[in-house]
Amino acid sequence: MSSSDIFIGETIGTAILILLGGGVCAAVTLKASKARNAGWLAIAFGWGFAVMTAVYISGPLSGAHLNPAVTVALAIKNNDWSNVPVYLAGQLLGAMIGATLVWVAYYGQFHAHLTDKEIVGGPGAQATTAKAVEAQEKGAGPVLGIFSTGPEIRNAAQNLATEIIGTIVLILAVLTQGLNDKGNGLGVLGGLITAFVVVSIGLSLGGPTGYAINPARDLGPRIVHALLPLPNKGGSDWSYAWIPVVGPLIGGAIAAGIYNVAFA
């Protein structure tokens, strides 16, 4: 794979991943969405199908890493770091593009949601939901969860451990079941297996932090949230932002170490 193929594949694939994954979060969250309040099950399966779609689209070009934790784990497994910067650049750019497309697709819903006094509060509000008040107190705006993750209980050690554990499960599944014949990315069957693993992680381990398990998936959209001209959007919760970046990278490295010791 050439550097240009890797960059293009990771950009397109990660953009699709975030468009569909962030899209299901928007669908469940925003006013005037037909899927509003569809619940956590919809989010978990939405993200799983997002992974599957993105893998099948980008796999022929880049091997469909779509996640810096996957890239780091494969670099450790194969002892080859030459293409890591290209993968990471494509993933971050793709995540930002995908998040921007979610905003475009749900433009009217974002405006309706963020101008509703019962959601954002302010003069003339009849009531402000407890969840919105709690989020604002933590520095996270009322729609930040569409773009990036956040904890239900803010405990840095626990939140970091949760992200590490979830990512270890994901990366071990990728390394043992998901790789293509060349071992440099996800294969056709591996994409399907990985998609269902992501659903499983979401259902079983997603409750505490929203299961980023992918640094680009969290950081890229968080940057877009900070930049977009959304009314009453609130903060981007940068005090938490390091956890969904560092946690998955640690988890990916640990999983690669486990693989090299136990399976290689």
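Chains are numbered independently. Their residues run from 1 in the order of the written sequence. Given that the model is predicted, a residue must reach a pLDDT of at least 70 before its local features are reported, and side-chain atom pairs must reach 80 or more before they are shown or counted; all residues, however, enter totals for whole chains, interfaces and linings. Just so you know, side-chain values use all the structure's heavy atoms and leave hydrogens and water out.

Right, let's talk about the packing of helix 3 (residues 68–78) against helix 4 (residues 84–105) for a bit. Axes here mean lines fitted to C-alpha atoms, for a helix over just the part in contact, with angles spanning 0 to 180 degrees between N-to-C directions. Secondary structure elements follow DSSP: runs of H or I no shorter than four residues count as helices, runs of E no shorter than two count as strands, and numbering proceeds from the N terminus. At a minimum axis separation of 10 Å, helix 3 and helix 4 run at an interaxial angle of 170°. When the axes of helix 3 and helix 4 are compared, the pair comes out roughly antiparallel. In contact with P68, T71 and A75 of helix 3, helix 4 contributes V84, Y87, L88 and Q91. Residue composition of the contact of helix 3 with helix 4, grouped by class: five nonpolar, two polar and no charged. Angles below 35 degrees are treated as roughly parallel, those above 145 as roughly antiparallel, those between 65 and 115 as roughly perpendicular, and all remaining angles as oblique. By the convention used here, residues are in contact when the closest approach between their heavy atoms is within 4.5 Å. Here the nonpolar group is Ala, Val, Leu, Ile, Met, Phe, Trp, Tyr, Cys and Pro; Asp, Glu, Lys and Arg are the charged ones; every other residue, Gly included, is treated as polar.

The pairing test for Phe, Tyr and Trp rings, Trp by its six-membered ring, is centres within 6.5 Å, and the orientation test on the planes gives stacked under 30 degrees, edge-to-face over 60, and tilted for anything in between. For the structure on display, the rule yields five aromatic pairs. Geometrically, the ring pair formed by F45 and F49 is tilted, given 6.1 Å between the ring centres and 40° between the ring planes. Of this pair, F45 and F49 both sit in helix 2 (residues 40–62), four residues apart, which is roughly one turn of that helix. For F45, a relative accessible area of 30% gives the class partly exposed. Burial classes: relative accessible area under 20% of the type maximum marks a residue as buried, over 50% as exposed, and values in between as partly exposed (1.4 Å probe, protein chains only).

Its 13 residues give helix 11 (residues 215–227) an end-to-end C-alpha distance of 18 Å, which sits within 8% of 18 Å, the value for a rise of 1.5 Å per residue. Looking at helix 11, one finds that the buried residues are P215, A216, R217, D218, G220, P221, R222, V224 and H225. In the core, the buried residues of helix 11 are packed alongside helix 1 (3–29), helix 2, helix 3, helix 4, helix 8 (144–147) and helix 12 (243–262). Counted as a polar contact is a pair of N or O atoms within 3.5 Å, where, for protein atoms, one must be capable of donating a hydrogen and the other of accepting one, and residues adjacent in sequence contribute only when both atoms are in side chains. N-capping of helix 11 is provided by N214, with a side-chain oxygen placed 3.0 Å from the backbone N of A216. To estimate how far a helix should reach, multiply one less than its number of residues by 1.5 Å.

Moving on to the nonpolar core. With 55 residues, the main nonpolar core has W47, F110 and F147 as its most contacted residues. When residues in this core are grouped by element, the largest group, eight residues, is from helix 9 (residues 156–178). Look past the residues within four positions of F110 in its chain and what remains in contact with it is L30, V102, W103, V143, I146, F147 and L230. Here, nonpolar core refers to any group of buried Ala, Val, Leu, Ile, Met, Phe, Trp, Tyr and Cys residues whose side-chain atoms link them within 4.5 Å.

Summary of the metric used: pLDDT quantifies the predictor's per-residue confidence within the range 0 to 100. For the protein, per-residue confidence averages 93 on the pLDDT scale, and 94% of positions sit at 70 or higher. Confidence drops under pLDDT 50 across residues 124–137; counting only partners more than four residues distant or on other chains, this segment forms 16 contacts.

Not every positive phi belongs to a glycine, and A32 is a case in point at roughly 65°. Its location among the elements puts A32 in the loop between helix 1 and helix 2. According to the relative accessible area criterion, A32 is exposed, its value standing at 62%. Non-glycine residue D237 carries a positive phi angle of around 55°. Locating D237 in the fold gives a position in the loop between helix 11 and helix 12. Judged by relative accessible area, which is 5%, D237 ranks as buried.

It is worth spelling out the environment of F196 at this point. When you line up the elements, F196 lands in helix 10 (residues 188–205). By relative accessible area, which is 45% here, F196 ends up partly exposed. C-alpha of F196 to C-alpha of H65: the two residues are 131 residues apart in sequence and 16 Å apart in space.

What follows is about the pattern of salt bridges. For salt bridges, the criterion is a side-chain nitrogen of Lys or Arg within 4 Å of an Asp or Glu carboxyl oxygen. The full count for this structure, using the stated rule, is three salt bridges. Across the pair R154 and D237 runs a salt bridge whose closest N-O atoms are separated by 2.8 Å. Of this pair, R154 sits in the loop between helix 8 and helix 9 while D237 sits in the loop between helix 11 and helix 12, and the two are 83 residues apart along the sequence. Overall, R154 belongs to the partly exposed group, its relative accessible area being 36%. With a shortest N-O distance of 2.7 Å, R222 and D218 are connected by a salt bridge. Of the two residues, R222 and D218 both sit in helix 11, four residues apart, roughly one turn of that helix.

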